[in-house]
Amino acid sequence: EQNWIPIEAIEHIEVVRGPLSALYGSEAMGGVINIITKKSTDTWHGSVRAGAGVRDDDNGGENQTYAAYVAGPLVKEKLGLALSAEYINDEDTPDPDQPEYTEIEGKEVFSTTGTLTFSPTENHAFTADVNLTTDDRTRFTSSRGRDYEALYELEKTVYGLGWQGTIGPTRSKIQAYHSDIDKNSIRHYDD
């Protein structure tokens, strides 16, 4: 559910401990993991990542990951664009003691992010971003003597606007975002 920012788009990660409800909302009781994404720069640059894993026993669990990131100026020193995308496909892994059941769920995740940055002056920057994520997971298991296939489907859309600036000795940042999340958890019983 948290695979919504491709690693290529991350600049750094901050771990802030302690209650921070005043800054980050009511769910920040124990602290916050703040993921800071890369900003567009004065030159175009990017990265591509591909990976795969195959088990030697041919017993499930194979995976593939593909990701790309590109960022650069649309208007030099004024308007920049950053785009990223990631696709993850992990096959389910059977339980070695009961191969008809799933030990590790299978998943297919696609996430894409776009950020537009407008810098009217050296000390101020406005951002607009959007993130689209789909996450489908599947698992075959049993509960109380009944076999079933568990399906989990997540569709997430996040829109955000922000401003960051320096006025005299003060650095300020304002961010607003809206999330639309659609989750479905479905069980298909054999009977």
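Owing to the predicted nature of the structure, the values given are computational and were not obtained by experimental measurement. (Residues numbered from 1 in each chain as written. Predicted model: local features only at pLDDT ≥ 70, side-chain atom pairs only at ≥ 80, totals over all residues. Heavy atoms only, no water.)

**Some details on the pattern of salt bridges**
Reasoning step 1: Tallied over the full model, the rule gives 3 salt bridges.
Reasoning step 2: Among the salt bridges present, the one from glutamate 105 reaches arginine 137, with a minimum N-O distance of 2.7 Å. Here the residue glutamate 105 occupies a position in the loop between strand 7 (102-104) and strand 8 (106-121), and arginine 137 occupies one in strand 9 (residues 124-143), the gap between them amounting to 32 residues.
Reasoning step 3: Overall, the relative accessible area of 15% leaves arginine 137 in the buried class.
Reasoning step 4: A network of salt bridges, in which partner residues are shared, links Glu105, Asp135 and Arg137. (Salt bridge = Lys/Arg side-chain N within 4 Å of Asp/Glu carboxyl O. Helix = DSSP H or I, 4+ residues; strand = E, 2+ residues; numbered from the N terminus. Buried < 20%, exposed > 50% of the residue type's maximum accessible area, 1.4 Å probe, protein only.)

**Focus: unusual backbone geometry**
Reasoning step 1: One non-glycine residue with positive phi stands out, namely glutamate 77, at about 65°.
Reasoning step 2: Looking at where glutamate 77 falls in the secondary structure, it is placed in the loop between strand 4 (63-75) and strand 5 (79-90).
Reasoning step 3: Assessed through its relative accessible area of 55%, glutamate 77 is described here as exposed.
Reasoning step 4: One non-glycine residue with positive phi stands out, namely arginine 144, at about 55°.
Reasoning step 5: Along the chain, arginine 144 falls in the loop between strand 9 and strand 10 (146-167).

**Points about the nonpolar core**
Reasoning step 1: Counting 6 residues, the largest nonpolar core consists of Ile5, Ala9, Ile10, Tyr69, Ala71 and Ala82.
Reasoning step 2: When residues no more than four places from it in sequence are discounted, the contact partners of isoleucine 5 are Ile10, Ile35, Thr37, Glu86 and Ser111. (Core = buried A, V, L, I, M, F, W, Y, C linked by side-chain atoms within 4.5 Å. Contact = heavy atoms within 4.5 Å.)

**Regarding the environment of valine 70**
Reasoning step 1: With respect to the element layout, valine 70 can be found in strand 4.
Reasoning step 2: Remark: the alpha-carbon pair of valine 70 and alanine 9, spanning 61 residues in sequence, is separated by 8.7 Å.
Reasoning step 3: Once you skip the residues sitting within four places of it in the chain, valine 70 turns out to touch Trp44, His45, Gly46, Leu81, Ala82 and Leu83.

**Notes on the side chain of threonine 141**
Reasoning step 1: Within the secondary structure, threonine 141 is located in strand 9.
Reasoning step 2: Beyond its immediate sequence surroundings of up to four residues, threonine 141 is in contact with Tyr101, Arg146, Asp147 and Tyr148.

**A short note on a nonpolar patch on the surface**
Reasoning step 1: Taken together, the side chains of Trp44, Val70, Leu74, Val75, Leu83 and Leu116 present a nonpolar region at the surface, about 510 Å² in accessible area.
Reasoning step 2: Ranked by residue count, the leading element in the nonpolar patch is strand 4, at 3 residues.
Reasoning step 3: Structurally, leucine 116 can be placed in strand 8. (Patch = residues over 30% accessible without salt bridge, like charges linked within 9 Å, V, L, I, M, F, W, Y side chains within 5 Å. Areas by Shrake-Rupley, 256 points an atom, 1.4 Å probe, with all protein chains shown as cover.)

**Details of the sheet that holds strand 10**
Reasoning step 1: The 7 strands lie next to each other as 3-4-5-8-9-10-11, forming an open sheet whose pairing is antiparallel. Each edge of the sheet is formed by a strand with only one pairing partner; in this case those strands are strand 3 (45-53) and strand 11 (170-189). Mean inter-strand twist for the sheet, computed between neighbouring axes without regard to direction, equals 5°.
Reasoning step 2: Where strand 10 meets strand 11, 20 bridges bridge the pair, whose relative direction is antiparallel. By the bridge assignment for strand 11, valine 158 is matched with serine 179. (Pairing = 2+ DSSP bridges. Axes fitted to C-alpha atoms, helices over the stretch in contact; angles between N-to-C directions.)

**Observations concerning the packing of aromatic side chains**
Reasoning step 1: Enumeration over the complete set of coordinates arrives at 3 aromatic pairs.
Reasoning step 2: Ring centres of tyrosine 66 and tyrosine 87 lie 6.5 Å apart, and the angle between their planes is 15°; this geometry places the pair in the stacked category. One end of the pair, tyrosine 66, is in strand 4; the other, tyrosine 87, is in strand 5, with 21 residues separating them in the sequence.
Reasoning step 3: Classification of tyrosine 87 by relative accessible area gives partly exposed; the value is 25%.
Reasoning step 4: Plain terms: the ring middles of tyrosine 148 and tyrosine 189 are 5.3 Å apart, the flat faces sit at 50° to each other, and that makes the pair tilted. With a gap of 41 residues between them, tyrosine 148 in strand 10 and tyrosine 189 in strand 11 connect regions that are remote in the sequence.
Reasoning step 5: Overall, the relative accessible area of 7% leaves tyrosine 148 in the buried class. (Phe/Tyr/Trp six-rings, centres within 6.5 Å; stacked < 30°, edge-to-face > 60°.)

Just distances and angles here, no functional claims.
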